[in-house]
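Overview (structure and organization)
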Amino acid sequence: MRLCIFVANMQDMNAINEGSRKEVMTYLEPFMLNEMSEYLKPVEEMWQPADFLPDAARDSFFQEVKDLQGSARELPYDLVAVLIGDTLTEEALPTYESWLTMVEDVEKNEQGGWMRWVRAWTAEENRHGDLLNKYLYLSGRVNMREFEYSTQYLIKDGFDIGTGRDPYRNFVYTSFQELATNVSHRRVASLAKKSGDRLLSKMCGVIASDEARHAKAYMSFITHAVKVDASEVLIAFEDMMRKKIVMPAQFLRESGEPQGEAFSHFSDAAQRLGVYTALDYVDILKDLLKEWQVDSLKDLNDAGEKARDYLMRLPDRLLRIAERMKMPEKTHNFKWIYS
Ligand SMILES: [Fe+2]
Ligand SMILES: [Fe+2]
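Computed from a predicted structure; not experimentally measured. (Residues numbered from 1 in each chain as written. Chains lettered and ligands numbered in written order. Predicted model: local features only at pLDDT ≥ 70, side-chain atom pairs only at ≥ 80, totals over all residues. Heavy atoms only, no water.)

1. Here we look at the coordination of the iron ion (ligand 1)
Of the protein atoms, only Glu90 (OE), Glu90 (OE), Glu125 (OE), His128 (ND1) and Glu211 (OE) coordinate the iron ion (ligand 1), at distances of 2.1 to 2.4 Å. Counting residues between consecutive donors of the iron ion (ligand 1) along the chain gives the motif E-x34-E-x2-H-x82-E. A distance of 3.4 Å spans the gap from the iron ion (ligand 1) to the iron ion (ligand 2), which Glu125 bridges by coordinating each metal. Taken together, the positions of Glu90 in helix α4 (residues 77–91) and Glu125 in helix α6 (residues 113–139) put the pair 35 residues apart, joining distant regions of the chain. Glu90 sits in the buried class, given a relative accessible area of 8%. (Donors = N, O, S within 2.8 Å, 3.2 Å for Na, K, Ca; no water. Helix = DSSP H or I, 4+ residues; strand = E, 2+ residues; numbered from the N terminus. Buried < 20%, exposed > 50% of the residue type's maximum accessible area, 1.4 Å probe, protein only.)

As structure tokens, this is what we get:
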């Protein structure tokens with residue numbers, strides 16, 4: 001039944017009026033339902049945090065924790081800082097879920113495509129914070145009270161990412177962000193491996209592959225929207241890039257410090273380690289331009305053409321800026337990390 005609606009919508013797609021988000025989102029909804037299984041795995045097949053962590057019921061528990069702490073002790077300071085920042089970003093999941101449910105022009109029926117997607121996506125994401133949080137706790141390197149204080153504040157502060165409630169801006173943002181988290185977890189995985197922490201490396205690796213699947217899903221939502229409303233999608237994309245894609249943990253703080261300050265120390269550490277840099281930002285933009293075939297889209301209106309021109313020129317402009325950027329040198333002493 002759903003499949004029939006999808007096929008019918010495919011045939012009708014030319015009839016969708018340019019600029020009508022509601023019609024496009026109605027067209028997308030069956031796709032979200034039908035294709036969900038391609039991008040989200042059945043719960044039964046998923047890894048769970050317990051697959052990686054010492055089991056307190058086992059006699060070997062204390063030895064396993066000791067081993068975990070032994071490798072964690074060798075992790076470089078900046079890497080621990082980045083890992084904590086990544087974990088805090090994952091722990092602010094309630095912010096992202098509530099934001100996704102606020103998107104306009106999407107049918108908000110509990111069993112509708114959009115709400116089912118949001119719930120299933122949230123359920124997968126929830127494992128990321130769970131796993132990393134437990135690792136940090138067991139590692140013995142983290143002041144958990146300071147960490148939890150920052151988590152509570154980050155959720156309380158929310159974020160301001162400039163998408164409004166617009167589905168196109170939202171999907172551009174989520175496509176970008178899922179790719180960025182994939183890069184960041186993947187790099188932490190390889191640095192952890194280099195430092196000898198194979199368990200942490202495995203954990204970050206499996207999280208990174210979840211993020212890659214999620215990125216594909218959000219990118220495909222835009223791919224479908226582009227087929228029926230290309231100019232409006234490009235205008236939304238241009239607007240998001242002009243505002244710059246800010247990170248979801250932009251307001252991250254430590255106790256007694258102003259809002260956002262811990263985030264800038266965290267992103268400095270990520271730059272220094274090469275976990276997430278200005279060059280990665282440009283690479284992600286290039287990937288999105290390629291994925292949505294922006295340079296070869298046809299029949300754009302004037303504003304759509306202008307948006308395309310801006311977007312196609314942007315990577316080179318950003319590269320020139322990135323080349324002039326200085327590497328942040330000073331390591332900050334985080335309250336999250338025991339010295
Ligand atoms: Fe995640
Ligand atoms: Fe994600």
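2. Thoughts on a positive patch on the surface
Positive charge collects at one region of the surface, where Lys244, Arg313, Arg317, Arg320 and Arg324 lie side by side. Structurally, Arg320 is set in helix α12 (residues 302–324). Exposure remark for Arg320: the relative accessible area of 45% places this residue in the partly exposed category. (Patch = residues over 30% accessible without salt bridge, like charges linked within 9 Å, V, L, I, M, F, W, Y side chains within 5 Å. Areas by Shrake-Rupley, 256 points an atom, 1.4 Å probe, with all protein chains shown as cover. Salt bridge = Lys/Arg side-chain N within 4 Å of Asp/Glu carboxyl O. Lys, Arg positive; Asp, Glu negative; His and termini not counted. Charge placed at Lys NZ, Arg CZ, Asp CG, Glu CD.)

3. Regarding the coordination of the iron ion (ligand 2)
The protein atoms that coordinate the iron ion (ligand 2) are Glu125 (OE), Glu178 (OE) and Glu211 (OE), at distances spanning 2.0 to 2.1 Å. Residue class for Glu211 comes out buried when judged on its relative accessible area of 1%.

4. Remarks on the environment of Lys326
Assignment of secondary structure puts Lys326 in the segment after α12. Taking the relative accessible area as the measure of exposure, Lys326 reaches 79% and is therefore exposed. Each C-alpha atom, one on Lys326 and one on Tyr310, is 26 Å from the other, the two residues being 16 residues apart in sequence.

5. Quick notes on the layout of surface pockets
Space inside the largest pocket adds up to approximately 840 Å³. Along its surface, the largest pocket is lined by 38 residues, and Ile245, Met247, Tyr276, Ala278 and Tyr281 are the ones closest to its centre. Sorting the residues of the lining of the largest pocket by element identifies α4, α8 (167–195), α9 (198–243), α10 (261–273), α11 (278–291) and α12 as the ones contributing at least two each. Here the lining of the largest pocket is composed, by residue class, of 23 nonpolar, nine polar and six charged. (1 Å grid on protein atoms, 1.4 Å probe; cavity = no way out; pocket = protein on both sides within 12 Å on 5 of 7 lines; lining within 4 Å. Points joined across faces, edges and corners; volume = space filled by probe spheres on them. Nonpolar A, V, L, I, M, F, W, Y, C, P; charged D, E, K, R; others polar.)

6. Some words on empty space enclosed by the protein
Within the structure shown, the criterion is met by three cavities of 30 Å³ or more. Elements supplying a minimum of two residues to the lining of the largest cavity: α4, α5 (93–101), α6 and α8. The leading source of residues in the lining of the largest cavity is α8, at five residues. Looking at the lining of the largest cavity, its residues break down into seven nonpolar, four polar and four charged.

7. Quick notes on the nonpolar core
Counting residues in hydrophobic clusters, the biggest one holds 108 residues, and the most contacted among them are Trp114, Trp117, Phe237 and Met241. Counting residues per element, this core draws most heavily on α9, at 20 residues. Once residues within four sequence positions are removed from consideration, Trp114 is found in contact with Glu29, Met32, Leu100, Val103, Val106, Glu107, Lys108, Phe171 and Phe221. (Core = buried A, V, L, I, M, F, W, Y, C linked by side-chain atoms within 4.5 Å. Contact = heavy atoms within 4.5 Å.)

8. Observations concerning the confidence of the model for the chain
Averaged over every residue, the pLDDT of the chain is 92; residues scoring 70 or more account for 94%. Note on residues 1–15: pLDDT is under 50 here. Beyond four places in sequence and across chains, it has 17 contacts. (pLDDT = per-residue confidence, 0-100.)

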